[in-house]
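Architecture at a glance
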Amino acid sequence: KNQVEQSPQSLIILEGKNCTLQCNYTVSPFSNLRWYKQDTGRGPVSLTIMTFSENTKSNGRYTATLDADTKQSSLHITASQLSDSASYICVVSADNQFYFGTGTSLTVIP
Amino acid sequence: NAGVTQTPKFQVLKTGQSMTLQCAQDMNHNSMYWYRQDPGMGLRLIYYSASEGTTDKGEVPNGYNVSRLNKREFSLRLESAAPSQTSVYFCASRYGTSGGALHEQFFGPGTRLTVL
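First, a word on what this report is: a plain description of the structure on this page.

A word on the interface of chain A and chain B
The interface is formed by 21 residues belonging to chain A together with 26 residues belonging to chain B. At the boundary of chain A with chain B, total buried surface from both sides reaches about 1,700 Å², with 55% on carbon and sulfur atoms. For the pair chain A and chain B, the interface holds 0 salt bridges. For the interface between chain A and chain B, the tally reads 2 residue pairs in polar contact (both at pLDDT 80 or more). Mapped by element, the contributors of at least two residues to the side of chain A that touches chain B are strand S4 (32-38), strand S5 (45-51), strand S9 (86-94) and strand S10 (97-100) of chain A. With 4 residues, the single largest contributor to the side of chain A that touches chain B is S4(A).

Re the state of the cysteines
Residues and elements named next belong to chain A. All told, the structure shown has 2 disulfides over all chains when counted by the stated rule. A sulfur-sulfur separation of 2.0 Å characterises the disulfide bridge that pairs cysteine 23 with cysteine 90. One quick way to see it: the torsion about the S-S bond of cysteine 23 and cysteine 90 is about -65°, and its sign makes the bridge left-handed. Of this pair, cysteine 23 sits in strand S3 (residues 19-25) while cysteine 90 is found in strand S9, placing the two residues 67 residues apart along the sequence. For the residue pair cysteine 23 and cysteine 90, the accessibility class agrees, reading buried in each case. Free of any disulfide, cysteine 19 has its nearest cysteine sulfur in cysteine 90, 15 Å distant.

What to know about the pattern of salt bridges
Residues and elements named next belong to chain A. One pass over the structure, following the stated rule, counts 6 salt bridges over all chains. Aspartate 39 serves as the salt-bridge partner of lysine 37, at 4.0 Å between the closest nitrogen and oxygen. What makes aspartate 39 partly exposed here is its relative accessible area of 30%. Among the salt bridges present, the one from aspartate 84 reaches arginine 61, with a minimum N-O distance of 2.8 Å.

Things to note about the packing of aromatic side chains
To describe a pair of aromatic rings, you give the distance between the ring centres and the angle between the ring planes. Under the defined criterion, the tally for this structure stands at 11 aromatic pairs over all chains. Arranged with centres 5.3 Å apart and planes meeting at 25°, the rings of A:Tyr25 and A:Phe30 form a pair that is stacked. Residue class for A:Phe30 comes out buried when judged on its relative accessible area of 19%. Taking 5.9 Å as the distance between ring centres and 65° as the angle between the ring planes, the aromatic pair formed by B:Tyr64 and B:Tyr89 counts as edge-to-face. Residue B:Tyr64 is located in strand S7 (residues 64-68), and its partner B:Tyr89 is located in strand S9 (residues 87-94); the two are separated by 25 residues in the primary sequence. Taken individually, B:Tyr64 and B:Tyr89 each receive the classification buried, so the pair is uniform in this respect. Joined through ring pairs, the aromatic side chains of A:Tyr36, A:Phe98, A:Phe100, B:Tyr33, B:Tyr35, B:Tyr48 and B:Phe107 make up one cluster. The aromatic ring of A:Tyr62 is capped on one face by A:Arg61, whose charged end is 5.7 Å from the ring centroid.

Quick word on the nonpolar core
Membership of the largest hydrophobic core comes to 25 residues, with the highest contact counts inside it found for A:Tyr25, A:Leu33, A:Trp35, A:Leu75 and A:Tyr88. Contributing elements (two or more residues each) for this core: S3, S4, S5, strand S7 (62-67), strand S8 (72-77), S9 and strand S11 (104-109) of chain A. The element contributing the most residues to this core is S9(A), with 5 residues. By size, the runner-up hydrophobic cluster in this structure holds 20 residues, among which are B:Met19, B:Cys23, B:Met32 and B:Trp34.

Quick look at the side chain of B:Arg68
All names here are of chain B. In this fold, arginine 68 is placed in strand S7. There is no salt bridge for the buried arginine 68, and the closest opposite charge comes from glutamate 52, which lies 6.4 Å off by N-O distance. A polar side-chain atom of arginine 68 sits 3.1 Å from the main-chain carbonyl oxygen of asparagine 70. Within the structure, the side chain of arginine 68 is placed 2.9 Å from the backbone oxygen of lysine 71, a separation counted as a polar contact.

Looking at the sheet that holds S3(A)
All names here are of chain A. Pairing in this open sheet of 5 strands is antiparallel, and the strands run S1-S3-S8-S7-S6 from one edge to the other. The sheet is open, and its two borders are formed by strand S1 (4-7) and strand S6 (56-59), each paired with just one other strand. Each neighbouring strand pair of the sheet contributes to a mean axis angle of 15°, computed without reference to strand direction. Note that S3 and S8 share 6 bridges and pair antiparallel.

Rules used in this analysis
- Going along each chain's sequence as written, the residues are numbered from 1 onward.
- In the order they appear in the text, chains get letters beginning with A and ligands get numbers beginning with 1.
- Residue-level local features of this predicted model are given only where pLDDT is at least 70; pairs of side-chain atoms are given and counted only at 80 or more, and the full residue set underlies all totals for whole chains, interfaces and linings.
- Side-chain measures were taken over the full set of non-hydrogen atoms in the model, leaving aside hydrogen atoms and water.
- Two residues qualify as a contact provided that any one of their heavy atoms is within 4.5 Å of a heavy atom in the partner residue.
- Buried surface area refers to the total accessible area, computed with a probe of radius 1.4 Å, that the two partners give up upon joining, counted for both partners together.
- When a carboxyl oxygen of Asp or Glu lies within 4 Å of a side-chain nitrogen of Lys or Arg, that pair is called a salt bridge.
- Two N or O atoms form a polar contact when they lie within 3.5 Å of each other; inside protein one atom must be a possible hydrogen donor and the other a possible acceptor, and for residues adjacent in sequence the pair counts only when both atoms belong to side chains.
- Segments assigned H or I by DSSP are reported as helices when at least four residues long, segments assigned E as strands when at least two residues long, and all are numbered from the N terminus.
- Disulfides are defined as pairs of cysteine sulfur atoms found within 2.5 Å of each other.
- Buried residues are those whose accessible area, probed at 1.4 Å on protein chains only, stays under 20% of the maximum for their type, while exposed residues exceed 50% and partly exposed ones sit between those limits.
- Here a Phe, Tyr or Trp ring, Trp counted by its six-membered ring, pairs with any other such ring whose centre lies within 6.5 Å, and the pair is stacked when the planes are under 30 degrees apart, edge-to-face when over 60, and tilted otherwise.
- Sitting over a ring, as applied to charges here, requires NZ of Lys or CZ of Arg to be within 6 Å of the ring centre and within 35 degrees of the ring normal.
- We call a set of buried Ala, Val, Leu, Ile, Met, Phe, Trp, Tyr and Cys residues a nonpolar core when their side-chain atoms join them within 4.5 Å.
- This count recognises Lys and Arg as positive and Asp and Glu as negative, with His and chain-terminal groups excluded.
- Between any two strands, at least two bridges found by DSSP are needed for them to pair.
- Where helices are involved, their axes are fitted lines through C-alpha atoms of the stretch in contact, as for all axes, and angles between N-to-C directions lie from 0 to 180°.

These results come straight from atomic positions and should not be treated as a statement about function.
See the structure below:
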């Protein structure tokens, strides 16, 4: 069964600290992996898209990694800001469909 | 350039009532999608349309119908609403027509539907 699992479910960090979110998937055949940021009450917004051959991709303070052999991805947030408080969703694409993880809820406190 | 717009933003229905959720995009995208998002679950695909004139079922299509009215508009209809359809509904669009294409998927702001 195609599944995307994320951990932790929720995370609270101090402003300025770094954090890493995890994503494990069993989706096949793999096309690409995306990380989205979803602010409360809004639709998801794309952060990164990675193909099978890419190990790392950055978007400002966000860095995503992909290990296609172990089917794991991570999203590292550097020097967190209050505006990073949101849900972060891992999405794996296969064929014509997208499989969404349940997200990690990140809260950044002053 | 409004991106993806959805109407209404909020809706309360009684069991058995019908309604249509509207979605429009102005980015000349080929593919459009309807998802639902429930607490503790990832977004789940209801229906999608890879191009004008075509629609396909997603993971949870039961109780819903869709219409790709033209390239811009993709509507979702609940014929007889049930409490299990209480959810937040998101419409999305992207230029590509296959999951392998690297085109970004853009989401609308969502419709919060409550069925009593």
